[in-house]
Amino acid sequence: MAGENLREIACVAQQRVNDAVSHVVFDPLLELIWTASSTGSLHSYLCPSLEKYTVFGAHSTAVIGLLAAAEGIVSLSSGCVRMHTRGGLSILNFRDKGFFDMLCCDWERPGAERPGAKRMLIGHTSAKISVLDLSTSCIATTFPAGQGIAVLRSNGRLVACGGMSGDIVLKDLRTMKAEHTIDAHPGKISSLDLKGDLLVSCGLAPRRGRVYCDSVIKVFDIRQQVRPLTNIPFAPGATTLRFQPKFSSIVLATSASGAFLLTDVQGGGIDFQGYQVNCDTDALLASDVSSSGELLGFGDSGGYVHVWGTSEHAHANLFSLPTELPGVSSTQSHISEQDSFANVYIPGSSNTPFSAIDTSMPIRVGLPPRMVERVLLEQMSAVDFVGYVPNPHWRRGIPFGDASCAVAGLRNTRQIWKAISKEQTAANQWSTLSGVTSQLRVSGSKRLPKAYRRVEIKQSQSKLKFEEFDFSYYNKTRFAGLENDIINSYCNALLQVLYFIPKLQAAVTSHVCEREFCLTCELGFVLHMLQLARGSTCQPSNLLRALCQIREASALGLVEGLEEWENGKEKSLAKRIQNFSWFLLEQLHKEWGGTTGLESCSPSPAASISDQLFGMPFRVRSKCRGGSHNEVVQDRLSFQVNLQYPTGKSGSARPRFAELLERSLCKQEDMRAWCPHCRAYVPLQQVRLPCSLPSILIIDCCIRRESDLYFWNADGDHNDAVSNSTSARTKGVQSGLMSPANQTGSNWWLPFRIEITIDSLTSRVTVSEERSAYGDGASDNEIKHKKSADAEGTAVSHAVYELTAMIAHIRDDFENDRLFHDEGEGHLVAHVKVPDMYLEMHGWHALPSSVQAVSPSTTSNVLQHEPAAAAVMRGAPVSSSDWVLFNDFCIAPTSTSEVVTLYGKQKVPCLLYYTQLQERIMENNTSANVSESSPDSSATLVKSSSQPISDEIFKHLVSESASFRKLSASNDISSTFWPFDMTTEAPKPGLLLGIDAEFVALSASEKGSREDGVEFVKRPARLSLARVSVVRGEGDKAGVCCIDDYICMVEPVYDYLTRYSGVSPGDLDPATSNHPVTNLKKAYLKLRYLVDKGCRFVGHGLKKDFRMINIVVPQDQIIDTVELFHLKRQRMLSLRFLASYLLNVTIQKETHDSIEDACTALRLYEKYKQLVAAEEFHDKLLEIYRYGRRHGWEISNDMTMVTAQCN
């Protein structure tokens, strides 16, 4: 190749644009070329066509060394040495505290690419050389080098160390003693290479006060006495040097400008050939020569890889092994204009699609953002949204550009990212935690308890299924939790609060309409699930799915998930839940209807449930300041009150909560708005006064600034008299020596009871408060008498409220200063005071409110009051004031003092729920009366209205399926199901049915990688119901399918999972599908009707199916064959394996079919009953497990013979 004309064969860009190629190496065994990027990734390409072979991330920083071996590829960064297979699997990861200054590397001896030679030399900037043994991942030896090492090369006898000062030191590999020292270049050594007795080098040289690449290549003879042979001129300045493997004295020299030459160094450089790599304006950074000498590889700063040679048939190695390529099958699809694009086959791509990029991981996008100094902001003037600052260095007559250079530092300031080691990070975290803990200790606050911290559903390291997560560890009560690994799960806290409002639950669970995305229906379904779950965990995915389809919710920034939703999402989590609470009540008010049929969803003349419980009518009076006309009066309806904070100084006396609420209810403000009389925008004075009081008062805390939170802190500035009188009591509460009953004098700013009086004649609102958690001891009769007395005066409205729930924003990272700078972090929890009727509904009987549960302390001899909800976990009698903390699926009892404890800035209130005391008394009295009449009727108190799906609704849904069957018969399409005949086979309690469901993936699973390179699942793929089939299990039509619904998708399908679901593209599209396609809500109503009727369901793995369908089925109605044929502490058996062994049937050959799986589960259940009746079940189960272990749980050819012998 030295005497032939070279040309560029191929050129290709790496995965990211402007990702500089720092190193290029040819593979010694395969026809591959390896490149390393400045961002830490490794790429390999087929030679010489440069088709991409593999790409993977190796380091978090730039790769500064790259070596190829038989076992894989070795890469070096400043603090880490890693080795990967050619497929990207990590097989070595070496890190050491003392090795964070590595700069270069080479094999200890030539030919180290052969198997077994795994010792490499590493040069450090701290003037030392280390020998790393790759077989043991340990440093074999370390010896001093005398100077910082910039480049290393070895020829098997000597190792050449190019230093920072321009000297080259030759060391003996056996003794590691310096044999010769060469003063080669004035500046740093850029590159050098050894071959036989020749050494070539290039470096840097100062010229005119600047540093340039030396314009000569120096050649030395290193046989006995080192002597210079010749200096080869190379005007562009050499940056890399490599010997040609086929010839002993031909050298490849490259420059940053892209020019390179091949010259014979023993001939004095007279015979040479010059070429130019087309790298445009980018710099050529790396080069290498293949072992065959037929190919040259180059890499530039723009991320392009170039391969040069004399022919397209050139080889990288003389004897290469065959390269293993993945099998690619091309499928061509022919569609017409009427066909769906879902039928088009999209071939795979080696590039990572944008939809698969983990949005939570940081991505380097070039230079860090600029920072504008405060001194510039103070002097800035704005004109038409463009800010400018006069240059203070500009003077008339000064040279052009001097003033701009003087302020270049201020104008180009950028953020600095600092790489911190694990030890430094841990130390910083510990120092921060210690500082915050000490600060909390001084201020009188406490550390955030564990029950408040965010809980996550993590996949176990033993690679068990996702459903095997133990939720019971976080919930010892009988109340249901909600999963938080789905989008829009921030709504969980609000859903828990709404569940414990009896009238709201009874109203929404009895509502059914035909609209597909009706929040009232979906909320009723969720509350029904929470009622039946009894201590388990639910997933409100259907409700949150419906939320995503409402445009108003997206406009308010309430929707998470897709990129367009994330861009418009409200960043503040507290503000998002406050907006969602307002939107949900408004939507319930809009959707409310009195009919339970499927005819319409038109609003009913009757008041909505939102209006009945939360509605507060306001009368707004607006008066024009400049006009003489009468004031404008408008009536408005609001469902929550926004708390207004004063704008005074923080050192002033802190007002009471009642004073702020009074100002917020009777609000007066000046504004500029439209006047209908003046027909213009004029200054208006607006006064808002409530006309009546709601049953439940929702208060939006509206904490937006640091000054707003000042009012809530127990240690805020307030009157000295209050502070001195309560300091002793506060210490007693925090130390745990004072019972809640004696805390009436506590300095809690948030009251537990408030009294509101509205006088419409005087337009005055009066709010008084009581901070005691147990009130003033007023009896029920006194409160009733007070209400009746106020009712006589029509102009006065009076109500007494009690705090029953609170939603709080939790920040458990101890970074209090970032509370209002990064509000998107954290999570939400809910404190709920559980009514007695819910305790009875879950199996416990409440005592009178005067009785309190008391238990001896485990840490002292002092008797301490125990929260009544703690007795719920043990089934003990409880009182009627029970506070429970709901943190997604982590549920724990709490005390009254815990509700109002804010822990500094770590717990910020968002929404407060005050319920009229009269309403609470009526609920408790109703519950007590029902309990006295019938011990089992407490469950029906709320459950009586939770069966809204009547026989007429189910008949209407079945008739739609029957009409599709008739249409299929007329079009000669075979139908897979025979609907219920409601006249002869109406569902009844105990009816046996087989069920199976199939799912599609709406998004890919989110994965991460640990430091050792092992991947783990951060969040599983988001699945959605695609098909559900129900098969009759008894009667004349046993084994005949009665429901076979395909679900129409409202979101794009990421993966149809055809191999496991049997669903193909086009099956879920009503325009192209040959199957009965319906929406998710109608399919849910059919299944919910069968569950409410008491039908029994047989299936395999029903836990996951019902979880994804979003329905709770009582355990006595579930017959799961995966649990029937299961030995304790052993693996679960697949349906295919059990069917082959017990039924001699082969199913799921190429794909899954839900009808076939449901029928198979019914047959397995019949087989189970036969074995149990013959008292042979246990022996047969042991036999199945023995066979499975012996054959690897696979179906072998002798399965038929074994089954025949068993039968």
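Residues numbered from 1 in each chain as written. Predicted model: local features only at pLDDT ≥ 70, side-chain atom pairs only at ≥ 80, totals over all residues. Heavy atoms only, no water.

## Comments concerning the UniProt feature "binding site: a divalent metal cation" (unreviewed entry) in the protein chain
Per the UniProt record, "binding site: a divalent metal cation" (unreviewed entry) is found at Asp 996, Glu 998, Asp 1105 and Asp 1157. Taken together, the annotated residues stretch across 162 residues yet fold into one region, lying no more than 12.7 Å apart by C-alpha. Relative to the helices and strands, Asp 996 is located in strand E49 (residues 992-1003). Structurally, Glu 998 can be placed in strand E49. Residue classification places Glu 998 among the buried residues on the basis of a relative accessible area of 6%. (UniProt positions renumbered as here; feature names shortened; annotations may be inferred. Helix = DSSP H or I, 4+ residues; strand = E, 2+ residues; numbered from the N terminus. Buried < 20%, exposed > 50% of the residue type's maximum accessible area, 1.4 Å probe, protein only.)

## Remarks on the side chain of Thr 915
Inspection of the secondary structure assignment puts Thr 915 in strand E48 (residues 907-916). Side chain to side chain, Thr 915 and Thr 804 meet in a polar contact 2.9 Å long. (Polar contact = N/O pair within 3.5 Å; in protein donor to acceptor, adjacent residues only side chain to side chain.)

## Re the pairing of strand E29 (residues 304-309)
For E29, the buried fraction is high: five of the six residues fall into the buried class. Pairing of strand E1 (residues 7-13) with E29, which is carried by six bridges, proceeds in the antiparallel orientation. Pairing of Cys 11 across the sheet is with His 306, part of E29. As consecutive antiparallel partners, strand E28 (residues 295-300) and E29 are separated by three residues, and within that stretch Gly 303 has a phi angle of approximately 90 degrees, a positive value. (Pairing = 2+ DSSP bridges.)

## Quick word on the pattern of salt bridges
It is possible for side chains of opposite charge to pair when their charged atoms get near one another. Taken as a whole and judged by the stated rule, the model has 26 salt bridges. Among the salt bridges present, the one from Arg 119 reaches Glu 108, with a minimum N-O distance of 2.9 Å. One end of the pair, Arg 119, is in strand E11 (residues 119-124); the other, Glu 108, is in the loop between strand E10 (102-107) and E11, and eleven residues separate them in sequence. The exposure class assigned to Arg 119 is partly exposed, which follows from its relative accessible area of 32%. The shortest N-O distance in the salt bridge between Arg 1027 and Asp 1044 comes to 2.9 Å. Residue Arg 1027 is located in strand E52 (residues 1022-1032), and its partner Asp 1044 is located in strand E53 (residues 1041-1047); the two are separated by 17 residues in the primary sequence. When sorted by exposure, Arg 1027 lands in the same class as Asp 1044, which is buried. Through salt bridges that share partners, Asp 106, Arg 153 and Asp 193 make up one connected network. (Salt bridge = Lys/Arg side-chain N within 4 Å of Asp/Glu carboxyl O.)

## Describing the environment of Ala 20
Mapping Ala 20 onto the fold places it in the loop between E1 and strand E2 (21-26). Taking relative accessible area as the criterion, Ala 20 reaches 14% and is therefore assigned buried. Remark: the alpha-carbon pair of Ala 20 and Thr 39, spanning 19 residues in sequence, is separated by 8.1 Å. For Ala 20, the residues in contact, after removing those within four places along its chain, are Gln 14, Ala 36, Ser 37, Ser 38, Leu 285, Asp 300, Ser 301 and Gly 303. (Contact = heavy atoms within 4.5 Å.)

## A short note on the packing of helix H7 (residues 519-533) against helix H24 (residues 1080-1092)
Angle between the axes and distance between the axes: these two values describe a pair of packed helices. Axis separation between H7 and H24 bottoms out at 13 Å; the angle between their running directions is 35 degrees. Like other packed secondary-structure pairs, H7 and H24 cross with a definite hand, here left-handed. When H7 is examined against H24, the residues Cys 521, Glu 522, Phe 525 and His 528 are found in contact with a partner set consisting of Lys 1081, Tyr 1084, Leu 1085, Arg 1088 and Asp 1092. Looking at the contact of H7 with H24, its residues break down into four nonpolar, one polar and four charged. (Axes fitted to C-alpha atoms, helices over the stretch in contact; angles between N-to-C directions. Left-handed = near helix turned anticlockwise from the far one by under 90°. Nonpolar A, V, L, I, M, F, W, Y, C, P; charged D, E, K, R; others polar.)

## Focus: unusual backbone geometry
Following Cys 47, the chain continues to Pro 48 via a peptide bond in cis, the omega torsion being -5 degrees. Summarising the element assignment, Pro 48 is placed in the loop between strand E4 (41-46) and strand E5 (52-57). In this model, Leu 50 sits at a positive phi of 60 degrees, which is unusual for a non-glycine residue. Mapping Leu 50 onto the fold places it in the loop between E4 and E5. For Leu 1057, which is not a glycine, the phi torsion comes out positive at approximately 50 degrees.

## Re the nonpolar core
Residues Leu 504, Phe 580, Phe 614 and Tyr 913 are the most contacted members of the largest nonpolar core, which totals 67 residues. For this core, the leading source of residues is helix H11 (residues 573-591), giving eight residues. Within the second largest apolar cluster, 47 residues are counted, among which are Cys 521, Ile 949, Phe 980 and Cys 1042. (Core = buried A, V, L, I, M, F, W, Y, C linked by side-chain atoms within 4.5 Å.)

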